[in-house]
Amino acid sequence: MPPYDPTAKIRQYQKQGIKRVKLALTDIDGVLRGKYISLEKFTSLIKGNAGFCSCILGWDVADALYDNAQFTGWHTGFADALFRLIPESERMLPDENVPFFLGEFVASDGKSDHPICPRTLLRRVLDKADSMGYQVLSSAEYEFFVFSESPHSVREKGYRNLTPLSPGMFGYSTIRNSVHSDLFNALQDYCLELNIPIEGLHCETGPGVWEAAITYDDALASADKAALFKTFTKVFFQKRNAMATFMAKWSMDFPGQSGHIHQSLVSKRNGKPVFYDAKKEHGMSHLMRQFIAGQQKYLKAFLPLIAPTVNDYTRLVKGAWAPTAATWGVENRTVALRAITGGPKSQRVETRVASADGNPYLAMAASIGAGLLGLEEELELGAPVVGNAYEVGDKLPQQLQFAGNLRDALEPLKKSKEARALFGSEFVEHFLCSREWEVREYEKTVTDWQLKRYFEII
């Protein structure tokens, strides 16, 4: 790829009559926070760093400021944090004729990696893979519910009695995707224009629920596409008087929403995939077995990065198409780690514990990082689960069983030396503060269940 030429790019924009640019950075929860800037501002920014309010790394999804974090807060005055635009992330927003760029935070010296930036965190994990001689390929697939609602109507209804785009349980329905073919095709075309090619799109089991598989790519580009897909899928539907939600579990009546992560490794020495060995059982190479063994060993400690919300743990229950322990199996959709067999290019592992509401950068960093630790430690993989993993999970050692709530899930992460070595202590401490804040905010809430349970009777 030729070096990026800012001057030529600005001249191109001027010839096209482009007057402004849109940029966005991801916060701890994976929400894209951004703004429009003038072409004049872009001219200076593309050649160096600029400042963005550090509050986006110090608040939650409701813009409430953490009261327990050291990196940024009232005690720091919320000074600007430096960031840079990522030239290769450029996209033209199809319905705006405005160029769009992702950014990432940099350290105060303007050169070093930022310790807390989610995108930088994933890049550091991938640098580790690079130093071990591997390129990581990955892809994300997301389930999301679509409603015939608006941001105003869902609030007016108190998020109850919502109208789904289509009724009933009808997974893989040809009727549904044909009746709504205009939306199915338009979404895929929209994503193509945003350089987020969708490999497959279908109806899942549940009223108005869709599943999209994003075409695989280098892991960092894959995470970029995943973050953009979630944001702009919401934009796509809201512009059409509908709403998409990636909430892990919006109703206990229906299955939860996953954000499965597929991963494989390619040798940098010869460019060949390393997970496939035709001479081995299931075609699983020794390296693939070590990678899965690392994920199995560290998945519990890294779980909050993959399932980061209070709501996630209503999805991780038996019989809900989501795992409850760090199990693995071959072509088994009841396990946490599914080995997908095939030829050299299709052999991969799927991390099925990941939820749709997770931050793609953090989820991929955790999943890939755990696998790399398996290679580094040359771990041995035990026998796969055959059949129903839920029947096996309770019999596994405690260190392989997932916590039932976010608060308990944080304890193994707090104690993990491997997490601090892999992600950095500053990030781990800040992330723990953000999740502890999330738990405390939840615990201050009077729920519908509590009212129904106690209001009259107790």
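See the structure printed just above.
Summary of the structure given here.

Scoring rules and cut-offs
- Residues numbered from 1 in each chain as written.
- Predicted model: local features only at pLDDT ≥ 70, side-chain atom pairs only at ≥ 80, totals over all residues.
- Heavy atoms only, no water.
- Phe/Tyr/Trp six-rings, centres within 6.5 Å; stacked < 30°, edge-to-face > 60°.
- Helix = DSSP H or I, 4+ residues; strand = E, 2+ residues; numbered from the N terminus.
- Buried < 20%, exposed > 50% of the residue type's maximum accessible area, 1.4 Å probe, protein only.
- Lys NZ or Arg CZ within 6 Å of the ring centre and 35° of its normal.
- Salt bridge = Lys/Arg side-chain N within 4 Å of Asp/Glu carboxyl O.
- Core = buried A, V, L, I, M, F, W, Y, C linked by side-chain atoms within 4.5 Å.
- Contact = heavy atoms within 4.5 Å.
- Expected span 1.5 Å × (residues − 1).
- Arc of directions from axis to C-beta.
- Axes fitted to C-alpha atoms, helices over the stretch in contact; angles between N-to-C directions.
- Left-handed = near helix turned anticlockwise from the far one by under 90°.
- Nonpolar A, V, L, I, M, F, W, Y, C, P; charged D, E, K, R; others polar.
- Polar contact = N/O pair within 3.5 Å; in protein donor to acceptor, adjacent residues only side chain to side chain.

### Here we look at the packing of aromatic side chains
Thought 1: The final tally for this structure, using the stated rule, is 27 aromatic pairs.
Thought 2: With 5.4 Å between their ring centres and 45° between their planes, tyrosine 190 and phenylalanine 236 make a pair best called tilted. With tyrosine 190 in helix α6 (residues 181-193) and phenylalanine 236 in helix α7 (residues 219-238), this pair connects stretches of sequence that are 46 residues apart. Accessibility classification places tyrosine 190 together with phenylalanine 236 in one group, the buried group.
Thought 3: Within the aromatic cluster, the residues linked to one another by ring pairs are Tyr142, Phe144, Phe184, Tyr190, Trp210, Phe229, Phe236, Phe237 and Phe246.
Thought 4: Taking NZ or CZ as reference, lysine 35 lies 5.0 Å from the ring centre of phenylalanine 52, over its face.
Thought 5: The ring of phenylalanine 236 has arginine 240 sitting right over it, with the charged end atom 3.8 Å from the ring centre.

### A few points about the pattern of salt bridges
Thought 1: Counted according to the given criterion, the structure contains 26 salt bridges.
Thought 2: Note that arginine 435 is salt-bridged to aspartate 29, the shortest N-O span being 3.1 Å. Placement of the pair is arginine 435 in helix α13 (residues 425-443) and aspartate 29 in the loop between β1 (20-26) and β2 (32-38), with a sequence separation of 406 residues.
Thought 3: In this structure, aspartate 67 and arginine 440 form a salt bridge, with 2.6 Å as the shortest nitrogen-oxygen distance. A residue pair is termed long-range when its members are at least 10 positions apart, and aspartate 67 in the loop between β3 (50-53) and β4 (80-85) and arginine 440 in helix α13 qualify at 373 residues.
Thought 4: On the basis of relative accessibility, which here comes to 52%, the residue aspartate 67 falls in the exposed class.
Thought 5: Among the ionic contacts, a cluster of salt bridges with common partners joins Arg84, Glu104, Asp113, Arg119, Arg123 and Asp224.

### A word on the nonpolar core
Thought 1: In terms of nonpolar packing, the biggest core is built from 132 residues, with Phe42, Phe144, Trp210, Phe229, Phe237, Phe302 and Phe423 touching the most fellow members.
Thought 2: Filtering out sequence-adjacent residues up to four positions away, phenylalanine 302 remains in contact with Ala366, Ala370, Leu373, Ser416, Glu418, Ala419, Leu422 and Phe423.
Thought 3: Counting residues in each nonpolar core, the second largest holds seven residues, with Phe145, Val154, Leu162 and Met243 among its members.

### Details of the environment of valine 353
Thought 1: Looking at the secondary structure, you find valine 353 in the loop between β15 (348-351) and α9 (360-377).
Thought 2: Along the primary structure valine 353 and phenylalanine 275 are separated by 78 residues, whereas in three dimensions their C-alpha atoms are 21 Å apart.
Thought 3: Look past the residues within four positions of valine 353 in its chain and what remains in contact with it is Leu299, Leu303, Ile306, Arg315, Leu316, Pro323, Ala336 and Phe402.

### Observations regarding α6
Thought 1: For α6, spanning 13 residues, the distance from its first C-alpha to its last is 18 Å, which sits close to the expected 18 Å at 1.5 Å a residue.
Thought 2: Taken as a whole, α6 has its buried residues at Leu183, Phe184, Leu187, Tyr190 and Cys191. In a view along the axis of α6, the buried residues occupy a sector of 135°, so they form one face of it. Among the exposed residues of α6, those pointing more than 90 degrees away from its buried face are Asp182, Leu192 and Glu193.
Thought 3: Those residues of α6 that are buried lie in contact with β7 (134-147), α5 (174-179), β8 (198-203), β9 (209-214) and α7.
Thought 4: Backbone geometry just downstream of α6 places asparagine 195 in the positive-phi region, at approximately 55°.

### Some remarks on unusual backbone geometry
Thought 1: Even without being glycine, tyrosine 172 reaches a positive phi, approximately 60°.
Thought 2: Topologically, tyrosine 172 is positioned in the loop between α4 (151-156) and α5.
Thought 3: With phi around 60°, histidine 282 is a residue other than glycine that occupies positive phi space.
Thought 4: Mapped onto the secondary structure, histidine 282 falls in the loop between β12 (259-267) and α8 (286-306).
Thought 5: Take histidine 282: its relative accessible area is 38%, and that puts it in the partly exposed class.

### Some points on the packing of α7 against α9
Thought 1: Between α7 and α9, whose axes approach to 9 Å, the crossing angle comes to 145°. Once α7 is placed against α9, the crossing between them reads as right-handed. In this structure, α7 uses Ala219, Ser222, Ala223, Asp224, Ala226, Ala227 and Lys230 to contact α9, whose residues at the interface are Pro360, Tyr361, Met364 and Ile368.
Thought 2: Class assignment of the residues belonging to the contact of α7 with α9 gives a composition of eight nonpolar, one polar and two charged.

### So, the environment of valine 428
Thought 1: Checked against the element boundaries, valine 428 lands in helix α13.
Thought 2: Given a relative accessible area of 2%, valine 428 falls into the buried group.
Thought 3: Between the C-alpha atom of valine 428 and that of serine 416, which follows or precedes it by 12 residues, the distance is 9.6 Å.

### Here's the deal with α9
Thought 1: Helix length check: α9, at 18 residues, gives a terminal C-alpha distance of 26 Å against a target of 26 Å (1.5 Å per residue), a fit within 8%.
Thought 2: α9 sits mainly inside the fold: 16 of its 18 residues count as buried.
Thought 3: Backbone nitrogen of tyrosine 361 and a side-chain oxygen of the N-cap are separated by 3.0 Å at the start of α9; the cap is asparagine 359.
Thought 4: Glutamate 378 sits one or two residues past α9 and shows a positive phi near 50°.

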